[in-house]
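Coordinate inspection notes
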Amino acid sequence: MKTNRSLSFWRHIPLRAQIIAGFAVPIVIVAGLSWVVSVNMESVKRLSDQSERLVREIALRTELLKAVVNAETGERGFIITGNEEFLEPYENARTQFVKLADEWRQLAGYNGAEPQLDRMEALFARWLNEIAEPAIAARSRSPGRLFSHSFNAYYHLNRMQELLRRDALIEQIQYEHEQYQAARSRALRDVPDEKADATWLPIEVTSGQLAALVNQLNETAWSAEDRNRTDNLIEQLERRWREIAHTYREAEDVSSALVASGRGKELVDEMRVIIGDVIAEKELLHTEVKAEVDQRMQVVERMAILLPVMGVGLGVALLLLMQMGVISSIEKLRLTARRIESGDLSARVEDTRSDELGVLAGDFNRMADQLELAERETKILSGLQSMLVSSNTETEAYSATARAFQKLLPQIPGALYLTAPSRDYAELIMDWSNGIEPVARFHPEDCRALRLGRTYKASSESAELFCAHADEQKLSFSVCIPLVTRDEVLGTLYLASSKEDSVKLNDHELALAKTVAERLSLALSNLRLTEKLRRESVRDPLTGLYNRRYLEETLEREMQRVSRSGKPLSVITLDVDHFKRFNDTFGHEAGDRVLEELATQMTSLARPGDVVCRFGGEEFMLILPEAAADIAGARAEELRRRIEALELFYGGHSLGTVTISLGVATFPDHASRKEDLLRLADNALYEAKKRGRNQVAINGAD
């Protein structure tokens, strides 16, 4: 119970204050412990600096030993191969040794003298002066493989001379000569440019002369003189090659002797021992310092981890205690959101908090109310659209609109006015009034919405004037929404509320009313357009009578109907006598006037159920269901007399006497098929014209 009362207390404290209280405690604890940690970190820093200096000293001595090894490696590589590329690392190592020794002395300023360094410098200088420099100098006099090449050249010359004196085969002599020239070329290629002096020039000249003599072996046999000359040239070359080989042999012996003595290795090994002992000493000291640093860091880590965790844990426990209600409220909000997401728009958050989460719950419930209302409005508008689309008459569209308004805006009365075709008044079509009395009709100028072509709203609190058709004394507001299509204004939708009701119309409700008005306008426009198209498809535009298409459809249907009941059906076909004369004399407008009057007389004579059609041009037709031939003939005669008695004027001039000729045919007496019936009626018409016009002819009658 105490816990619940505590939680209830926190539910009324703002979340910001709860969060600040939860964080303040661990911050104070951590701030106090930070000083303790900083004191220990100072000692760790001092030991870390000492450790870094020892690491640098170890690295410096390692690099110094590496420089000694690199110098020895470069020296040995040059001695073995004679390749001067090995002298580059040798020279670099000498320079690096001096630089590293100076740096060693700078670091030694902390500890005073360095006897190991002094000993190292003395040993390195002795190695340079006694071993490396003399060996390199001696090897420089015998670069590459000059001794081997010189000896090979001498050997092949000696073999060539022996074969020559034994009169051996020419091919053997030429082979030895080729081997000699190859050894000579290799030797000359290994000689440095600065040493290619007079020693080699005589060899080149003599070798050229020898080659010329040997080449003659393929052309002619040697004479004794040629053999002597060749033998002399070989002896000269042998002597010179012996001298060169001896010189290079002595140089190689000197460098090899220096290397083979082992003194250089002893000096280098001693330097390695000295640096190794120094490095071992420094590494031992570094290990001790590092162990002390690790020990102190462990203490700092424990303090930095355990103590802040205690402070943070206390703060987190406090926050959790305070926020148990927060978690519960958020869970309620989440579950309610899931219900709404699944389609249950009636779900609401039930929470009595007065903090930010309580405000959030209230806002969420209001949002859910709006969603539910929007869903309901969407369904109503969708149903209205469906009803408007499926309406066959304007009356159905009016009823669907009134029902939609009663669902969407049940507290707001309204009425629907449509503008008359004459545009001189707007008439009340229907209303769903509740406390207001809309007028039956008014002039379009009395409605500002019809005048302006847009929605007009007036209220007792606004500066706008009420429309003339609204009773300002009884209404708190009125809204007129014009029913506008692309071509015309069809009417207006009128909404109002009496002062007793005190109902207000907000922007959302006004937008809904506009949406309904737009959909109604479109539906009325479509219905009227459909009716117009239907009428134009079956009516003659000049006379307003049915056209030939409607005649043929209706005649077939009426013949089937009277056939089932066993009754007759007659057809009267007629046209105006000498109609072309009217057009030629008075103009086509006068001819149209005659046709219009003829259509009027035919319509007035027709019974309910009779069908009056304009068949084409000046030819007309009447369908008389359930009328025999005699009755149809009498009706035709009456129509003829009426037309003959007419006095027509056009443009102030009399059109004279108008007469018509008529033909009658009856189903089933004269024909049983539609096509035959029309043909016989037409034949009867021609018979009347043949007899002199202005008369009636019945098919088959004299």
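Here is a short report on the structure shown in this document. (Residues numbered from 1 in each chain as written. Predicted model: local features only at pLDDT ≥ 70, side-chain atom pairs only at ≥ 80, totals over all residues. Heavy atoms only, no water.)

**Quick look at the pattern of salt bridges**
Basically, it comes down to this: By convention in these notes, a salt bridge is any Lys or Arg side-chain nitrogen within 4 Å of a carboxyl oxygen on Asp or Glu. Each helix corresponds to a stretch of at least 4 residues labelled H or I by DSSP, and each strand to a stretch of at least 2 residues labelled E; elements are numbered beginning at the N terminus. Exposure categories follow from relative accessible area, calculated using a 1.4 Å probe and restricted to protein chains: below 20% of the type maximum is buried, above 50% is exposed, and the middle band is partly exposed.
Scanning the entire structure with this criterion turns up 23 salt bridges. Salt-bridge contacts for Glu552 lead to Arg548; the nearest nitrogen and oxygen are separated by 3.4 Å. Of this pair, Glu552 and Arg548 both sit in helix H14 (residues 548-565), four residues apart, roughly one helical turn. Among the residues examined, Glu552 registers a relative accessible area of 31% and is labelled partly exposed. What makes Arg548 partly exposed here is its relative accessible area of 42%. Taking the shortest distance from any N to any O, the salt bridge between Arg641 and Glu637 comes out at 3.7 Å. Pair noted here: Arg641 and Glu637 are both in helix H17 (residues 629-644), with a separation of four residues, about one helical turn.

**Notes on the sheet that holds strand E6 (residues 489-498)**
Note the cut-off: In short, DSSP must find at least two bridges between two strands for them to pair. In what follows, a contact means two residues having at least one pair of non-hydrogen atoms within 4.5 Å. Angles run from 0 to 180 degrees between N-to-C directions of axes, and those axes are lines fitted to C-alpha atoms, restricted for helices to the stretch in contact.
Read across the open sheet, the six strands follow the order E3-E2-E1-E6-E5-E4; overall the sheet is antiparallel. Edge positions in the open sheet fall to strand E3 (441-442) and strand E4 (456-459), since each of these has one partner strand only. As paired strands, strand E5 (residues 475-484) and E6 are joined by nine bridges and run antiparallel to one another. Pairing of Ile481 across the sheet is with Leu493, part of E6. Sitting on the sheet, helix H11 (residues 394-408) touches strand E1 (414-419), strand E2 (426-431) and E6, and the angle it makes with E2 is about 60°.

**Regarding the environment of Leu622**
Tracing the sequence through the fold places Leu622 in strand E9 (residues 619-625). Classification of Leu622 by relative accessible area gives buried; the value is 2%. In this structure, the C-alpha to C-alpha distance between Leu622 and Ala632, residues 10 residues apart in sequence, is 9.5 Å.

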